Every structure is written in structure tokens, then in C-alpha cells.
Amino acid sequence: MEGLKSSFLNTTPLNCQSSKYPYPLQLSSSSTINIISCSVSPDPWSLSDGNKPKPKSKHPKNPLSDDNARRIIKAKALYLSALRRNQGSQALTPRWIKRSPEQMIQYLEDDRNGHLYGRHVVAAIQRVRSLSGLPDGSYDMRKVMASFVTKLTFREMCTVLKEQRNWRQARDFFAWMKLQFSYRPSVIVYTLMLRTYGQTGKIKLAEETFLEMLEAGCEPDEVACGTMLCAYAKWGRHKAMLSFYSAVQQRGIMLSVSVYNFMLSSLQKKSFHQNVIEIWRHMVVSGVVPNHFTYTVVISSLVKSGLTDEAFKTFEEMKSMGLVPEEVTYNHLITVSCKKGIQDEAIKLYQEMREQRIVPSNFTCASLLSLYYRNGNYSQALSLFSEMERYKVVVDQVIYGLLIRIYGKLGLYEDAMATFEEIDRLGLLSDDKTYISMAQVHLSAGNCEKALDVMKEMKSKSLSFSRYAYNVLLRCYVMKEDTQAAELTFQALSETGFPDCSSCTDLLTLYMKLELTEKAKELIIQIRENKVKFDKVLLKMVMKVYCKENMSSDAERTIHELSRNGLFEEDDNFIQTILMGIHGDFTRLKEAAADPLAFELLITLHMAPETANKMEKTLKLLLNTSNGLLVANQLVVNFMKEGLTSRAESLFDLLLKLGCKLEISTLSSMIYLYGKQNHVELAKKAFEAVADGSSEQKQLYSCMIDVFAKSDKVDEAYMFYIEEDKKGHDVGAVAISMLVYALSNHGKHRDAGNVIKNCFYKNMELDTVAYNSFIKAMLDAGRLNFAVNIYERMLTNGVAPSIQTFNTMITVHGRNRNLDKAIEMLNTARIKGVALDEKAYTNLIFYVGKAGKIDEASILFNQMQEEGIKPGQVSYNIMMNAYANKGLHKEAAQLFNEMQRNSSPPDSYTYLALIRAYAAGEKYKEAEEAISSMKKQEGIPPTCAHYNILLSAYAKTGLLEETERVYELLIGAGLTPDVGCYQTMLRFYLDYGHVEKGVSLFERISARGGAKSDRFIMSAAVYLYRAAGLVMKAEGVLSCMNSLGIPFLKIRVAG
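Bear in mind that the values here come from a model prediction, so they are computed numbers and not experimental data. (Residues numbered from 1 in each chain as written. Predicted model: local features only at pLDDT ≥ 70, side-chain atom pairs only at ≥ 80, totals over all residues. Heavy atoms only, no water.)

**Quick look at the overall build of the protein**
Thinking step 1. Along its length, the protein carries 57 helices and zero strands.
Thinking step 2. Put simply, the protein has 1055 residues, and 47% of those count as buried. (Helix = DSSP H or I, 4+ residues; strand = E, 2+ residues; numbered from the N terminus. Buried < 20%, exposed > 50% of the residue type's maximum accessible area, 1.4 Å probe, protein only.)

Next up, the structure:
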């Protein structure tokens, strides 16, 4: 930039276009664009070639001035481009140009007909380009171009200069060019040199050239200035670029939008977002119309600068101009909306994005998933993940980590583990946050061992442990009750600063659980010395230590100390309640100050048998407060949540003793507790504690039904329902659904049917879950027509079916052999907008395939995949069984290979279907290879069922050696033949007259005890003995069958 210390940067031009280019611009104080002050005022100037003005010619069209040269060059290029594009029958034809005879002779000599340049121009270009392989200074351009002296016009020399790719040859040619008689200084030729230098990064040479242009009297136009700015931008000379841009703005030169885009993009790449915004505001004031790229860059910088409102305003302006935003623009706005927790705006942007058919990137999806996770919208998060799979959005480790957390929150621990394993298999497991998320899922599931395994695996990968990782590791050891490991982890965490209140609470919890009171006291001292900021949970644990040990004075002293140190306010409700409770004075306790947590600790303080009177007194004092009963109810629930069931029962009994009216939530918790302990009578007692009518009892019916079901006393549950029904009490749809489900699972189908009929008779208001339970119960009972009637009643009453309803109805119609109705169910679900799942398709494919309609089953299977539903192991097995039933071994094998490609591992049933398909298609060798590959490739041990398929296939062919060979393979595999294999071999020996072998086999079977009680084996033995002439043995088998009550089976004997 030092080379441009000239009048161009240090002078102020005349304000000749003030109305169109208002200046100076009002920039913010943070702008880095420096407007350099002016000291000298030059003569008026205009966008000319820098030459002195000439008098008007009588013939202004001939010759053309350099002012029009740039226009002619562009127009000619567009014209030739149009010619090249429109070749053919409708090609543009050149218009006739009037030339003088001398011009025509020159035109023919130059061989310009149909060519862009003349022959001499092309030769000059090639001559200069050939010098690029020579060292700098090894040639003399005057000698090289000696043959072209006086042959090249100024315009042709500009053409030669423009076609150069090497800056050295361009520099030398330009020096030669200035020595020619036809040369005259022009902004065009200098712009060409600026472009060449700018493209090759020779910024200093470009600045010298620009200075030379000014000294030559050529005033720079918007193209020259834009070329210089682009050169600065391309090579990251942002300070020089901004200074030069200030000078351009002072002179009122309007730059093109492409130059602005170049500058904005270069500044944004270096995160100079404030400069981007300032130039953008200059651009808007100057009246330059932004394009799609401009808006994309500016919105990104506005978002990253925290100017969210202005970013959205610019976004709306962009759309109003008819420009469709790119994915990256939507991503920035969605991300900032997610960070601010504006879910509605983020979802609106995402829906708008999908309407534009823009496929979201993984960054956009990660932002939305994070927002859904924070707001607890887990169903929407899983729906978004399914949409990502459908649109084949690349899932990265961040998204997988969020998915693991969501599965953990929903309790889908198996899905979380499967996702974690998939990340590992894809080689994406490299972030400590993913390991920590998986460990937390295991902790939520109560599996501390698996959580520790995950943390150990993380350590083995040499990933550094953060404080958060140590916190999770500490929780693992606390749950495992490993005191030594927990203390070591706590110590390691202390090396980076004393642990926070959460970690202290975890370790205190462990000490209290293991009754390590002394260690708990020592930890409390450390916590107080390090002035850890207490939260209510930590204060509760500290108070628990003192209350359990009946150390009321220590509790009071600790509270006063916390108040003095400013860690808790003295007027805190919790502290006031604790202090008043310790002194036994609740008279000054305000209504809002009845803190449940404090009373829980006070009751804990007096929970010991020797202080039972104090506990009752404390409870009475609590009940005398306005919200005392509500607090007491909450205490029972809290004890239940913490697993302190004995304390919950003691407090519950005391409340009943005092004649308190308990909350429904409290009664529900106690009934569930008694049900878990199989204390049905206590649950009944708690149920009867409700003082008034059925309006309150209705919420407890489901609790009682659950207690009876968990205790396997469904008959009592049924009688309980009958008694309440006789009293005229409405037990509710939830309890009814639970009762029908329990009765059906225990085979009480008649009772379940009676309950359903009674509901219909009384026209009870039922929900979708209840109807689903009814249909499923009647399906299990085999009452298919009744199940259909229940579904029709459901529709009549306006209850919307769910996907579970349609799945069950497909099974109902499938078992009823009404495939048209089953298919109609699938189509109805689609029409109603119910999202179809794999189970719906699998059920229908099973019954269609079972009916022998292979083509229809195959179409359904393909349709399921087209809708983005990935087939699972069960779906593949059912489809392969359908192929096996028809002996379509090729299709079955193809499906088997597809299953392996889609990372769905085959199981024993998969191989069973494949072997059946090969056997039905008489591909015995392939069937035998499939059995062999089960254990070798998949580690699945073959069973007798696998061998029996091949055994039956060979037996039907009558090949004795092959049949017996397979039988020996079965035994050689370490398997004991089952009844099916014995039946197959005996049938084979009977059909083909191998009597002696059949008798020998039966006697071996009898010796192993495998022939008893099987009708076919014993009947076959009778035939074999008779055929062998062993009548006495045949009669002996018959006598044995008669004694066992087994009827004789007539079997066709060979011959």
C-alpha cells in the first residue's frame, strides 16, 4: 500500500455526482475503514482514458475512440458467443459490414474470416507465450518482437497482453508496447496489467502499475478500481483493501456487485464480520443491488456478530427480492434461533427450507436436535432423525451423541447401545462427549458396570478427562458403592480445583448410604473450608448427616455459618423452617415458608423410635400450618422416590392415625409400593382410606388393578371390578384397559369378553388404548368376528385408530383369511395419515406370503423400503419364508445377500428359511453349504431343525447313502436327533423298504428313550417288526401303545 501514496489516496475529488453517491457515509464507531483526509484539490476529472479532450470529428463513428473500446470488446465477445451457441439450422448469420477496399484487403490478409483474432495477432500471442520457459532477463523483448513492429494496432497489442498467463512476459510485453508509435496511455491496458498482477499475487507490482497509471494521466474507472480491490481481497491484504476502498468511495466510483462480493467473502473468511457489515451498509447506501451471494455472506456475518434482528430483516429482504436462500443461510438462522431457545422460529425456518426442497445439512439437523433435546421434545427429535435417514443426510458424531442422550431420556437403553456400537463400527467414536453420554445412559438405567466399561474404554483411547468426565466417573463409583475408587476420582477431580456441589453431593450420598458418618463429616468440613457454593440438594445432604446422627446443634451452627459467609440468605424458607423445627416453634412460620425439604429432614431427625413422640409433635406442628397437609403428602412421595420405603410407610401410617385426608398422588404411590411388595391387603387398606365418593377413587382403580396383576391375582382383580361396577362406580378407561389386558394374558378370555360387553352395554367413554386392548384380547381369544365388531364400533364412536390398531386389525383379517380386508387396513392407515411402521408391513407380508401370493408380498416388501422403512431381521425372515414356501431359492438367496449388505445380521430362523428354499428348489448342495456356513461365518450353531429339512429332502429322493450321510453329519455335529429327525428316517425306511435299517434305528431310539409317547414312531415300529417277521416284538409295541393310551396310526408300507 506504500506504493499508492499518491493523489488518488490523498486528494478529494469534486462532488460531481453527489445525488447518486452520497458521502461521507455514516459508519459506526467500530468500523475499521479509514477515510483519509484530503489536502490538495485537483482539477475536475472524468472517467476517460486520461488523454486530453479532442475536438469533435465530422465523422464520429470513424475512427472509434478508446472510450468506446471496452464496449466494443464486450459486444464482440457476446456476439461471437451467441454465434457459437446457436450453430445449426437457426444459426445467427453475421450482418454485412461496409468496408473500404483497403480494409477488405487487410481483412483477407489477416485471415479473420470466422476467427477471433487475425493470424499476426495469434502469432504475437504465441511468440510472447513461448518465452515463459526462459529465465527472467535471458531475452530482449525488443528483439523478440522486432518482426511485429508497426504491424500491431493498439487494440491488437491489448489483445496480446490480455492473453498472457505469465506476469513476467506480460510485464516485458507491456514495456515493449509502450515503445510503439500506436501506443497511447489508456485505463484499459493498465487494467489488464492489474488483473495479471492480481491473479499471481504480485501486489507491489500492481500498486506500482496503478501509480504509473495515475502519473500517466489516466483516471481509474470502476473496473480498474474493482480489479485492484479484488487483488487485495484475494491475497488477504485487508488493511490495504479497506484503505483503497475508502479512496474509491471518496471519488464516488460505483463498484459492481461482484467486486463487493469478492471483498465481503474475503473479509468473512478471516472472521472480520464487523468490516463485512460496514461495507454492506456502504453498498446499500450506494444503491448497488445485492445478489444471492451477497445476502448469503452478509446474513452469516450478521448472525456471527450477534445482530440477530438485522440478520432476520436482511433474510426477509432477500426473499422479497425473489432470491431463494441457500442451505447455509437457513443453517445460520436456525442455529441462532436454537441457541436463543426460539423453537417456533427454528421450526418455521426448517419447514420453509423443506418447502424449497433444500436438503438440510448435518449441522442444521444437529442444531434442531439439540433444541428438541433441551426442550424435552424427544418425539420430534426422533422424527427428525428418521427424516435424516430418509433424505440420506450424513450423520456425524455430534448427532449420534444427541441421539444417544434422547434414547436415554426415553428409557430406550437398547437403542442407545445399538447407536453407540454403530458409531464405533463407523469409526466416528473419537469425542469424549459421546462416551460420557453413553455412560450417563447406563447410569440412568442403573447399570453402573456398563457405564464404567464405557469410561474405561474412553481412557484406553487416550482421550483426556474433563471435569465433567470425572463427575460422571464419580457417579459410576457412587452407584457401584466403591468407596475407594470414588475417593480416588474425587481426589483427581480436586487437582483441577475443588469439586462442585454436585460431586460433593454424590460422595456424601455414598457415605450416607454406607453409613460412613465420620467420612461424611470430614467431607463436610472440606466443603466448608473451600467455600463451595451450596445448592438445596447439597444442603439437604449435609443436614441429613446431622439429622440422622441427631446433631441438631451442628446443623444449627452450619446454617449460621453459611448465612454469615453469604452462601445462603438468612431469610431463606428452608433455613427458617429448619431452625424453627429444631427449636420446636412453628408459630412464626409463614404460609409460604413451609418448605417440604426442611420438614423431611426434621422428621428424619426424629425418626428414631426413642424420638417418636417428637416426630408426631413435629408432624402435628406441620399440619397446623396452612399447607402442612400438602407438605406431609409430598414427604411421603419423596421418601418413596428415594427408596426409603420404611420411612414412607411410617409417615403414611402416622398420617392415617391422625385422621388426615391424603392426596391421590400419595395414595397412588403407596398402593404401587404395596403392589410391588405383594401386600395386597395393605393396598386395599390404602384404597379404602379415600374419604368420599367415586370421583376421587376413580384415579386409584388403575393402581389397584395393577397391584392385583403384579400379584398374579387376576381373579381378585375381576371380582374387584364386579364389586365396584355393582356400586355404580365408573372405574375409567385406563383401569378397564389394564384389566382386560391382565385377563387376556392369564387366559381368562371369557372374563375379558364379559368386561368388554359390559363397557359397550353401558356406553362407556373409551379411548384408543382401551379399544386396542379390547381388539388384542379378542384376537388372542380367537374371536375374530368380535374383534372386527370392536373396530367398527371404535370408528362409529369417532375414536381415532392408532398404528397399533391397524397392526392388530391386519393380524385379525390375516388369521381370518380375508386378505382384501387386511390390505384395506394398510391403505386406510395411509389415507388417514397414520405413519406406517415395519410391523404393519411385516404382518401383511406374512399373511400374503402364507397365502402363496409371492408377487404381492414382494411388492409390499419393496414398497416398505421405498417409504424409508428399513427392514429388520424379522421382516427379512418372513419374506424369505414366503420365497421358501414356493421353492424360489434364487430370490431367497438374493434377499439373504441384501440382508447382509444392509447390516442386518441373520439368525437361526434366517438360515432355516434359506435352507428350506434350497431344499424345495432341489439345490441340496447349496442347502448343505448354508448349514456349514452358519457356524463358520455367523457363529450360529445349527440345530436338528436345520438338518431335518435337508434330511427330508434327500429322503424324498430315495437316495439311501445321501440320507444316511446327512443323518451322520447331524450326529457328528454333536446334536442328538429330535423326534422330527427320527420320524423322517423311519418314514424313509418304510417308504423304500429298508426294513432292517428301520428296525435297527427304532431299537437305538428305544435304548435312548426317545420313542415313548410318539404315535408315529411307535406305529412305524409295528410295521417294521411285522415286515421283518418279528410278530412278537410288534405285539409288544402295540401293547405298550395301548397301555399309554396312544392310538395306532395306519401307515402305508412299501410293496
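From this point, the narrative continues.
**Things to note about the packing of aromatic side chains**
Thinking step 1. Under the criterion given, the structure shown has 23 aromatic pairs.
Thinking step 2. Ring plane angle 50° and centroid distance 5.4 Å describe the contact between Phe 465 and Tyr 470, whose orientation is recorded as tilted.
Thinking step 3. Taken together, a centroid distance of 5.3 Å and an interplanar angle of 65° make the contact between Phe 896 and Tyr 911 edge-to-face. Here Phe 896 is found in helix H49 (residues 889–901), whereas its partner Tyr 911 is found in helix H50 (residues 908–920), with 15 residues between them in sequence. Comparing Phe 896 with Tyr 911 shows no difference in burial state: the two are buried.
Thinking step 4. Ring pairing ties together the aromatic residues Phe 154, Phe 174, Tyr 183 and Tyr 190, which thus form one cluster.
Thinking step 5. Above the ring of Phe 154, the side-chain terminus of Arg 184 is found at 5.0 Å from the ring centroid. (Phe/Tyr/Trp six-rings, centres within 6.5 Å; stacked < 30°, edge-to-face > 60°. Lys NZ or Arg CZ within 6 Å of the ring centre and 35° of its normal.)

**Digging into the layout of surface pockets**
Thinking step 1. Of the pockets and cavities examined, the second largest pocket occupies roughly 1,800 Å³.
Thinking step 2. Surrounding the second largest pocket, 38 residues form its lining, Phe 385, Glu 389, Tyr 407, Glu 422 and Lys 870 being those nearest its centre.
Thinking step 3. Only helix H19 (378–390), helix H20 (397–410) and helix H21 (413–425) provide two or more residues apiece to the lining of the second largest pocket.
Thinking step 4. Per-element accounting of the lining of the second largest pocket gives the leading share, eight residues, to H19.
Thinking step 5. Per-class residue counts for the lining of the second largest pocket are 15 nonpolar, ten polar and 13 charged. (1 Å grid on protein atoms, 1.4 Å probe; cavity = no way out; pocket = protein on both sides within 12 Å on 5 of 7 lines; lining within 4 Å. Points joined across faces, edges and corners; volume = space filled by probe spheres on them. Nonpolar A, V, L, I, M, F, W, Y, C, P; charged D, E, K, R; others polar.)

**Examining helix H51 (residues 924–938)**
Thinking step 1. Across its 15 residues, H51 extends 21 Å between first and last C-alpha, which sits within 8% of the 21 Å expected from 1.5 Å per residue.
Thinking step 2. Taken as a whole, H51 carries its principal kink of about 35° at Ser 932.
Thinking step 3. Among the residues of H51, those classed as buried are Tyr 924, Ala 927, Ala 930, Ile 931, Ser 933 and Met 934.
Thinking step 4. The inward-facing, buried residues of H51 contact H50 and helix H52 (944–957).
Thinking step 5. Immediately beyond the C-terminal end of H51, within one or two residues, lies Gly 939, with a positive phi of roughly 70°. (Expected span 1.5 Å × (residues − 1). Bend = angle between axes of the 7 residues up to and from the residue. Contact = heavy atoms within 4.5 Å.)

**Some thoughts on the packing of helix H15 (residues 308–320) against helix H17 (residues 343–355)**
Thinking step 1. At a minimum axis separation of 15 Å, H15 and H17 run at an interaxial angle of 25°. With respect to H17, the element H15 is oriented roughly parallel. Every pair of crossing elements has a handedness; the one defined by H15 and H17 is left-handed. Note on element contacts: H17 touches H15 through Glu 345, Leu 349 and Glu 352, opposite Phe 312, Phe 315 and Lys 319.
Thinking step 2. Of the residues assigned to the contact of H15 with H17, the class counts are three nonpolar, no polar and three charged. (Axes fitted to C-alpha atoms, helices over the stretch in contact; angles between N-to-C directions. Parallel < 35°, antiparallel > 145°, perpendicular 65-115°, else oblique. Left-handed = near helix turned anticlockwise from the far one by under 90°.)

**Remarks on the nonpolar core**
Thinking step 1. Counting 152 residues, the largest nonpolar core has Met 145, Met 177, Leu 255 and Leu 508 as the members making the most contacts within it.
Thinking step 2. Those residues in contact with Met 177 that sit more than four places away from it in its chain are Phe 154, Met 157, Cys 158, Leu 161, Tyr 183 and Val 189.
Thinking step 3. Grouped together as the second largest cluster of nonpolar side chains are 151 residues, Leu 844, Leu 860, Ala 953 and Val 999 included. (Core = buried A, V, L, I, M, F, W, Y, C linked by side-chain atoms within 4.5 Å.)

**Re the side chain of Asn 807**
Thinking step 1. Relative to the helices and strands, Asn 807 resides in helix H44 (residues 803–815).
Thinking step 2. Of the residues examined, Asn 807 reaches a relative accessible area of 4% and is grouped as buried.
Thinking step 3. Beyond its immediate chain neighbours, meaning those up to four positions away, Asn 807 contacts Asp 837, Lys 839, Ala 840 and Asn 843.

**A word on H15**
Thinking step 1. Helix length check: H15 (13 residues) gives 18 Å between terminal C-alpha atoms against 18 Å at 1.5 Å per residue, within 8%.
Thinking step 2. Every buried residue of H15 is accounted for by Thr 308, Ala 311, Phe 312, Thr 314, Phe 315 and Met 318. Each buried residue of H15 lies within a common arc of 160° when the element is viewed along its axis, so the set occupies one face. When the buried face of H15 is taken as reference, the exposed residues oriented beyond 90 degrees from it are Asp 309, Lys 313 and Ser 320.
Thinking step 3. Of the surrounding elements, those touching the buried residues of H15 are helix H13 (273–286), helix H14 (292–304), helix H16 (327–339) and H17. (Arc of directions from axis to C-beta.)

**Examining the pattern of salt bridges**
Thinking step 1. Evaluated as defined, the whole model comprises 22 salt bridges.
Thinking step 2. A salt bridge links Lys 519 to Glu 487; its shortest N-O distance comes to 3.0 Å. Residue Lys 519 is found in helix H27 (residues 517–529), and its partner Glu 487 is found in helix H25 (residues 483–494); the two are separated by 32 residues along the sequence.
Thinking step 3. For Lys 519, a relative accessible area of 34% gives the class partly exposed. (Salt bridge = Lys/Arg side-chain N within 4 Å of Asp/Glu carboxyl O.)

**Some remarks on the state of the cysteines**
Thinking step 1. Counted under the stated rule, the structure contains zero disulfides.
Thinking step 2. This cysteine, Cys 448, is not joined by any disulfide, and Cys 476 carries the nearest cysteine sulfur, 7.4 Å off. (Disulfide = S-S within 2.5 Å.)

Keep in mind that these numbers describe shape and distance, not what the molecule does.
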